[in-house]
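# Inside the fold
The lines below spell out each chain.
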Amino acid sequence: MRKYVIMGIQGSGKGTHAGMLAADLDLVNIGVGDILRWNVQNHTKLGAQVRRTMAAGELVGDDVIEGIVRERLAGHDWNYGFIIDGFPRSERQAEFFLESYDIDGVIYLDLPDSEVRRRVMARRLCAGCGMDYNLIDNSPREKGRCDACGGELVSREDDTEEALAVRLREYHEKTGPVLDLFRRKEYVVTVDSRPPKEQVQQTIRARLGLPAYQPAERATG
Ligand code: ADP
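Residues numbered from 1 in each chain as written. Predicted model: local features only at pLDDT ≥ 70, side-chain atom pairs only at ≥ 80, totals over all residues. Heavy atoms only, no water.

### A short note on the overall build of the protein chain
Under the convention used in this document: Working definition: helices are DSSP H or I runs of at least four residues, strands are E runs of at least two. Numbering for both runs from the N terminus. We compute the radius of gyration over the C-alpha atoms and compare it with the globule rule, which gives 2.2 Å times the number of residues raised to the power 0.38. Relative accessibility thresholds used throughout: buried, under 20% of the residue-type maximum; exposed, over 50%; partly exposed, between the two (1.4 Å probe, protein chains only). Between two residues, a contact is recorded if the distance between any of their heavy atoms is within 4.5 Å. Method for areas: the Shrake-Rupley scheme with a 1.4 Å probe, in which residue coverage is limited to the protein chains shown. Think of it this way: Lys and Arg go in the positive column, Asp and Glu in the negative one, and His and the chain ends go nowhere. Every charge is mapped to an atom, namely NZ of Lys, CZ of Arg, CG of Asp or CD of Glu.
Within the protein chain, the regular secondary structure consists of nine helices and eight strands. Relative to its length of 221 residues, the protein chain is compact, with a C-alpha radius of gyration of 17 Å against a globular reference of 17 Å. Along the first, second and third principal axes, the C-alpha set of the protein chain runs to 45 × 45 × 35 Å. Out of the 221 residues in the protein chain, the part that is buried amounts to 45%. Considering only contacts in the protein chain between residues 6 or more positions apart, those separated by 24 or more positions represent 69%. Counting every atom, the protein chain has about 11,800 Å² of accessible surface; 46% of that belongs to carbon and sulfur. Distance between charge centroids for the protein chain: 2 Å, based on 31 positive and 35 negative side chains.

Here it is as structure tokens:
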């Protein structure tokens, strides 16, 4: 059983690396931002409640987030463990989490602020299947169209200059202290997120004592 948290600034690759680890190690991948976005897209009651907050780049209230995480983890479908991305982002969320679960490690993807804007502004998502692209090093074959389903590629509603500025401020003010707390408990492995993603993934695994990443196995996918 392995239980990890993945943290890092916007655009640092949390979703990408959580996905790669989860697929290979049979971990349940819990992306709190993804759960929220699913609710917004599907017009649920929760979606209506959080839509404007998210679009503005602000953090959703702790009660709402704790409810989502509690419910998701209560499903107990994580036989081999889980990796959680986008949580905890405030000290209150961290306290709630540490009271309820023991964790094996916190992966901190380190990226300088100067690189964040470039990455976030280049990010695109398929409106059809949700596959993500980055116009810097992962462009679609046909401009504006998803390679997998042909759907339209769009920017996230909160990937604007204005909302990004708010998200960065929220990150430094509220999530920074969470990282400090985890550091004091010696949970954190810090990995430089600037190299190519295969190399970053390899470093994460080495630092956590996990089996090495095998890119060749995935080349046909
Ligand atoms: P990013 O890390 O790039 O900001 P996410 O997809 O993780 O993107 O989150 C998008 C938005 O969802 C956040 O800006 C915030 O509004 C909301 N959100 C996600 N996770 C949390 C959380 N743990 N606490 C409060 N709000 C959250």
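### A short note on the pairing of strand E4 (residues 105-110)
Within a regular strand, side chains alternate between the sheet's two faces. Put simply, the rule is: Here, a strand pair is defined by DSSP locating no fewer than two bridges between the strands.
Burial analysis of E4 places five of its six residues in the buried class, the great majority of the element. Sheet analysis places strand E1 (residues 2-8) next to E4, joined by five bridges and oriented parallel. By the bridge assignment, Tyr 4 is partnered in E4 with Gly 105. Pairing of E4 with strand E8 (residues 188-192), which is carried by five bridges, proceeds in the parallel orientation. Its bridge partner lying in E8, Ile 107 is registered against Val 189.

### As for the sheet that holds strand E6 (residues 132-134)
Strand order in the open sheet made by the three strands is E6-E5-E7, with antiparallel pairing throughout. Only two strands of the sheet have a single partner each, and these edge strands are E6 and strand E7 (153-154).

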